[in-house]
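# Structural characterization, general
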There are 2 protein chains.
Amino acid sequence: MNAPAKVPPPAYDLEAFAASLGDVPVETDAKTLQKKSRDFFWFSPVLKRELQGKVAELIVVPRDEADVVRVASAAARHRVPVTIRGGGTGNYGQCVPVQGGVVLDMGALSAIEWQKGARLRVGAGRKMHLIDAETRKQGYELRMHPSTKRMASIGGFAAGGSGGVGSVTYGGLRELGNITGARVISLEETPRVFELKGDAALKICHGWGTTGIITALEMPLAPAFDWIDVIVAFKDFMTAVRFGHELALTDGVVKKLVTPIDWPIPAYFQGMEQHFPKGSAAVIAMIADHSIEPFRSLAAAHKGEITYEKATDESMGARPLYELTWNHTTLLALNVDRDITYLQSLYPPFGFLEKVAEITSLFPRDEVIHHFEFTRYAGLPTGSGLPLIKYTTDERLNEIMEIYRSHGVFIADPHIWMLEDSAGYKSADADLMGFKREVDPLGICNPGKMRTYVPLR
Amino acid sequence: MNAPAKVPPPAYDLEAFAASLGDVPVETDAKTLQKKSRDFFWFSPVLKRELQGKVAELIVVPRDEADVVRVASAAARHRVPVTIRGGGTGNYGQCVPVQGGVVLDMGALSAIEWQKGARLRVGAGRKMHLIDAETRKQGYELRMHPSTKRMASIGGFAAGGSGGVGSVTYGGLRELGNITGARVISLEETPRVFELKGDAALKICHGWGTTGIITALEMPLAPAFDWIDVIVAFKDFMTAVRFGHELALTDGVVKKLVTPIDWPIPAYFQGMEQHFPKGSAAVIAMIADHSIEPFRSLAAAHKGEITYEKATDESMGARPLYELTWNHTTLLALNVDRDITYLQSLYPPFGFLEKVAEITSLFPRDEVIHHFEFTRYAGLPTGSGLPLIKYTTDERLNEIMEIYRSHGVFIADPHIWMLEDSAGYKSADADLMGFKREVDPLGICNPGKMRTYVPLR
């Protein structure tokens, strides 16, 4: 799948580039270069093989937007590839500099520019948990965040993420309305500034940082309820899934996370396994405190046993339950078993339960281990599955994906690093491609990730 | 449909009852008796014929719960029918004393007992707009309200309503979680107090005041966003419906109301008709101010023309747009044309658009005039239609309902006053019936509305 891009790696004069940066801070020590040229691509044995060892020649750390403009101009003049980096929590090598050049660490652009009620404008480099820490003071929080909230930056999430904790209410990040504005700097000799609003703001989504440098975002906020972390144990996985599905469909119960997991997943949860009865399936959920009584009624109606109920705690050392879900499940499993990898699936909203029963019957229980995160997809509740896979060979991995697909379940292959191979893009989406032509005419913005892009100059 | 109940009207000694009330306030003048024995049943020509002239012998106006207990005990001892009344904004004669007796006006039980964040406990008699007026100070508001918010009481809405403005997000009132607690007084010689929590609180829903006297409710609240009233004009009704449907499915855009209306409905909107282009269909919506830009993008994508955009204003003399929707549409049409009545339909969530196209093709456009309020039903967005009907005969009215039903659209006949004939009850729901046995063993609580109930004593 990961055929190389047709664009040859550009030649460039790094020294001349570095000299033209003036006092923009840079980092050059080998350890930092290595560390900041990586993300969580090693969740995939395929990507691990293919992306390991790709290292930037220089890390540039702009202090503000003026620095970003300076870097963008210098990169354009010297044709230096620029790979933009937030928290580095992605899983597809989005911030791996596959053609070398420099990595742009956006961490310092982290100011909250303003907050007006449920509207926020924030620097792209701000960590998501540091956004909520501020906005919660006024009663608001981000609508959704990945399980890596405590590491991930808002810019990285917008550019490379798809949804997360909160998507059971608001749908995916790319749903209209979930990003309301973006400020993007083009990579040109004289960089231009783009202020995108309304549906145009969605152009920056899931472009993997190939479409210019996002410096600020406008995000709509959600009410910051007091969330309760809950674990409910069930006798078997399908009972857990049925409960989760009904909970997802119950609009009167306010929730942020609904994750059914099959045994033996809880056995991977080191330090938390005592909250999961041995051999049982479970649902992990986040429920608004004012919805906890009806939630308990629903759990009782499904014969679930509540084994954990505690206010969500994101303080240092604490373990919010969302850090057991989404792709943290894979991380925790990998800590115990190095042969584990995962898949990304999206089930059809209609006939969801029947489809889950069908798919789970197709694989040995120790080869494909299921969990779902409920989400809304185009307005309809459904399950986004991130099953753990006991990896044997690339062939078997591809075969498993083909079996899913042939049974009508959408698979976004997480073992690729080409944008076009991801999330159903055949060639890069027209809007994305058109926007890339605007902001990256030279093809130096995260080059090598968009196979079908031909630079204008 | 409105076959009389099998229970014969009880005989009672009103004077003895009145004497035992002590200083509980009562009203006896003919005008008040008439006024407080009515609701909006006259929207239906059938109910108008059948319920007109049913008048209570006494209006009792308890000042507090102690008064309610006194009334309940006296009524039980003297076998006096008690019909409970809030704002009297229902449409099925729920608060018409069909077997005489007394009407209990709950208006004075209107205190907010407490508010803790998104939780509220409030007296059943409080008007809904006076709830929001208080809770909005802390950033919260009721999740949903009928179009009669400025007249309706919360107790009446809970007992007799089904949903309303806000249901596009939270679903119907009876969805688990939308009422979290209720306090109910039984009608017995020694009245008992029931504190219902969790799913048990739903027992009081849609029982039409036949299941004891609700004195207080616990309601979960929603964030009180700044709402914007919007009108978008479209070339034809199906285009308006398609836009409304997509808006309902767009979880990233926060909204409280989505109502597509066909021409000539706007012609009935006296004083507001200038905001609707002549001959055009339209969508009336309430959008959170922080979602207005993506809303505008969506409207533009559907070639809608925004003809009105203004902060929702509920102050005296102002006209919030929700007062053009739900059953206010019928009210405004009746002001212009006395031959108008209406139906209540619920479309299937799957194949919704095709079904609307099918149904609208079955009737002359001047006999059945369509509007929808989008709602969530069991977690899925769909349209609740309240079409205006140009009434000719009962036979034709029934025929229209049968045509809807034979095409797979659910009809809740609004031309009945028997609970069992309403909203799909064949016999009264088991839970409701069991609860009624607890709180009304003598069958004196709004008697004559539950045909299948046989008193215990």
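Right, let's walk through the structure included here. Going along each chain's sequence as written, the residues are numbered from 1 onward. Each chain is given a letter, starting from A, and each ligand a number, starting from 1, according to the order in which they appear as written. Two thresholds apply to this predicted model, a pLDDT of at least 70 for residue-level local features and 80 or more for giving and counting side-chain atom pairs, whereas whole-chain, interface and lining totals are computed over all residues. Side-chain measures here rest on the full set of heavy atoms in the structure, leaving out hydrogens and waters.

This part takes up the overall build of chain A. For the purposes of this entry, the term helix denotes a DSSP run of H or I that reaches at least four residues, the term strand denotes a run of E that reaches at least two, and both are numbered from the N terminus. The helix and strand tally for chain A stands at 13 helices and 21 strands. Radius of gyration here uses only the C-alpha atoms, and the compact-globule reference equals 2.2 Å multiplied by the residue count raised to the power 0.38. Over its C-alpha trace chain A gives a radius of gyration of 22 Å, about what one expects of a compact globule, namely 23 Å for 457 residues. Dimensions along the principal axes, computed over C-alpha positions, put chain A at roughly 65 × 50 × 40 Å. Buried, partly exposed and exposed residues are distinguished by accessible area as a fraction of the type maximum, computed with a 1.4 Å probe on protein chains only: under 20%, between the cut-offs, and over 50%, respectively. Counting over 457 residues, chain A shows a buried share of 63%. Two residues form a contact once any of their heavy atoms are found within 4.5 Å. Taking all contacts inside chain A whose residues are at least 6 apart in sequence as the whole, residues at least 24 apart take part in 74%. Carbon together with sulfur atoms contributes 53% to the accessible area of chain A, which is approximately 16,000 Å² in total. By the counting rule applied here, Lys and Arg register as positive and Asp and Glu as negative, while His and the ends of each chain are not counted. Charged groups are reduced to one reference atom each: NZ for lysine, CZ for arginine, CG for aspartic acid, CD for glutamic acid. In chain A, the 50 positive side-chain charges and the 54 negative ones have mean positions that sit 2 Å from each other. Here the open area of atoms and residues is found with the Shrake-Rupley method and a 1.4 Å probe, where only the protein chains shown may cover a residue.

Let's shift gears to the packing of aromatic side chains. To describe a pair of aromatic rings, one takes the distance between the centres and the angle between the planes. Pairing of aromatic rings covers Phe, Tyr and the six-membered ring of Trp, with a centre-to-centre limit of 6.5 Å; geometry is then stacked below 30 degrees between planes, edge-to-face above 60, and tilted otherwise. Considering all chains together, one arrives at 33 aromatic pairs over all chains under this definition. Ring plane angle 80° and centroid distance 6.0 Å describe the contact between F225 of chain A and W227 of chain A, whose orientation is recorded as edge-to-face. The exposure class assigned to F225 of chain A is buried, which follows from its relative accessible area of 6%. Note on F363 of chain B and Y404 of chain B: the rings are 5.6 Å apart at their centroids and 20° apart in plane angle, and the pair reads as stacked. Placement of the pair is F363 of chain B in the loop between α11 (352–360) and β17 (368–369) and Y404 of chain B in helix α12 (residues 394–406), with a sequence separation of 41 residues.

Cysteine pairs can be covalently joined through their sulfur atoms, and such a bond is termed a disulfide. Residue and element names in this part refer to chain A. To count as a disulfide, a pair of cysteine sulfur atoms needs to be within 2.5 Å. Under the criterion given, the structure shown has zero disulfides over all chains. C445 supplies the cysteine sulfur nearest to C95, a cysteine that is in no disulfide, at a spacing of 13 Å. On the accessibility criterion, C95 (7% relative accessible area) is buried.

This paragraph deals with the sheet that holds strand β20 (residues 388–390) of chain B. All names here are of chain B. Any two strands with at least two DSSP-identified bridges between them are counted as paired. The three strands are arranged β15-β20-β17 in an open sheet whose pairing can be described as antiparallel. Each of the sheet's edge strands pairs with one partner strand only, and the pair in question is β15 (340–342) and β17. Two strands pair when backbone bridges link them, and β17 and β20 are joined in this way by two bridges, in the antiparallel orientation. Bridge pairing links V368 to I389 in β20.

Rotating chain A by 180° about the axis while translating it 0.0 Å along that axis superimposes it on chain B, leaving an RMSD of 0.0 Å. Both copies of the chain, as the preceding transformation shows, are related through a two-fold rotation axis. A symmetric contact is evident, with 100% of the interface residues of chain A recurring at the interface of chain B. When the copies are overlaid, the least-squares fit takes in C-alpha atoms only where the residue has pLDDT of at least 70 in both copies.

Now for the interface of chain A and chain B. In this complex, chain A contributes 37 residues to the contact, which on the side of chain B involves 38 residues. Buried surface area refers to the total accessible area, computed with a probe of radius 1.4 Å, that the two partners give up upon joining, counted for both partners together. Buried surface at the junction of chain A and chain B, both sides included, amounts to about 2,900 Å², of which 60% is carbon and sulfur. Of all residues in chain A, the largest losses of buried area upon contact with chain B belong to R119, L176 and D251 of chain A, amounting jointly to 21% of the total for that side. With a shortest N-O distance of 3.5 Å, E293 of chain A and R119 of chain B are connected by a salt bridge. Nitrogen and oxygen atoms within 3.5 Å of one another constitute a polar contact, given that in protein one can donate a hydrogen and the other can accept it, and given that sequence-neighbouring residues count only through two side-chain atoms. Our enumeration of links across chain A and chain B arrives at 10 residue pairs in polar contact (both at pLDDT 80 or more). The biggest single contributor to the side of chain A that touches chain B is helix α9 (residues 292–301) of chain A, with five residues. In this classification, Asp, Glu, Lys and Arg are treated as charged, Ala, Val, Leu, Ile, Met, Phe, Trp, Tyr, Cys and Pro as nonpolar, and every other residue, Gly included, as polar. Of the residues belonging to the side of chain A that touches chain B, the class tally is 18 nonpolar, 12 polar and seven charged. When a carboxyl oxygen of Asp or Glu lies within 4 Å of a side-chain nitrogen of Lys or Arg, that pair is called a salt bridge.

Residue and element names in this part refer to chain B. In this fold, S315 is placed in the loop between β14 (305–311) and α10 (328–336). Looking at S315, the relative accessible area reads 37%, which means it is partly exposed. Spatially, the C-alpha atoms of S315 and R150 are 9.8 Å apart, while their sequence positions differ by 165 residues.

Residues and elements named next belong to chain B. Their axes nearest at 11 Å, the elements helix α8 (residues 237–249) and α11 cross at an angle of 155°. One way to sum up the angle between α8 and α11 is to call them roughly antiparallel. Crossing of α8 over α11 shows right-handed handedness. Of the residues in α11, those touching α8 at F237, M238, V241, R242 and H245 are F352, L353, V356, A357 and T360. A per-class count over the contact of α8 with α11 returns seven nonpolar, two polar and one charged. The convention used is that axes are lines fitted to C-alpha atoms, helices contributing only their stretch in contact, and that angles between N-to-C directions extend from 0 to 180 degrees. Here roughly perpendicular refers to angles of 65 to 115 degrees, roughly parallel to angles under 35, roughly antiparallel to angles over 145, and oblique to all remaining angles. Throughout, a crossing is termed right-handed when the near helix is turned clockwise from the far one, and left-handed when it is turned anticlockwise from it by less than a right angle.

All names here are of chain A. In space, the four strands of this open sheet follow the order β18-β19-β16-β21, with antiparallel pairing throughout. Each having just a single partner strand, β18 (372–377) and β21 (410–411) make up the two edges of the open sheet. Summarising the sheet, strand β16 (residues 345–346) and β21 pair through two bridges and their orientation is antiparallel. Each residue of the ladder has a partner; that of L346, found in β21, is F410. Most of the contacts of helix α8 (residues 237–249) go to β18, to which it runs at about 30°, and overall it touches β18 and β19 (380–385).

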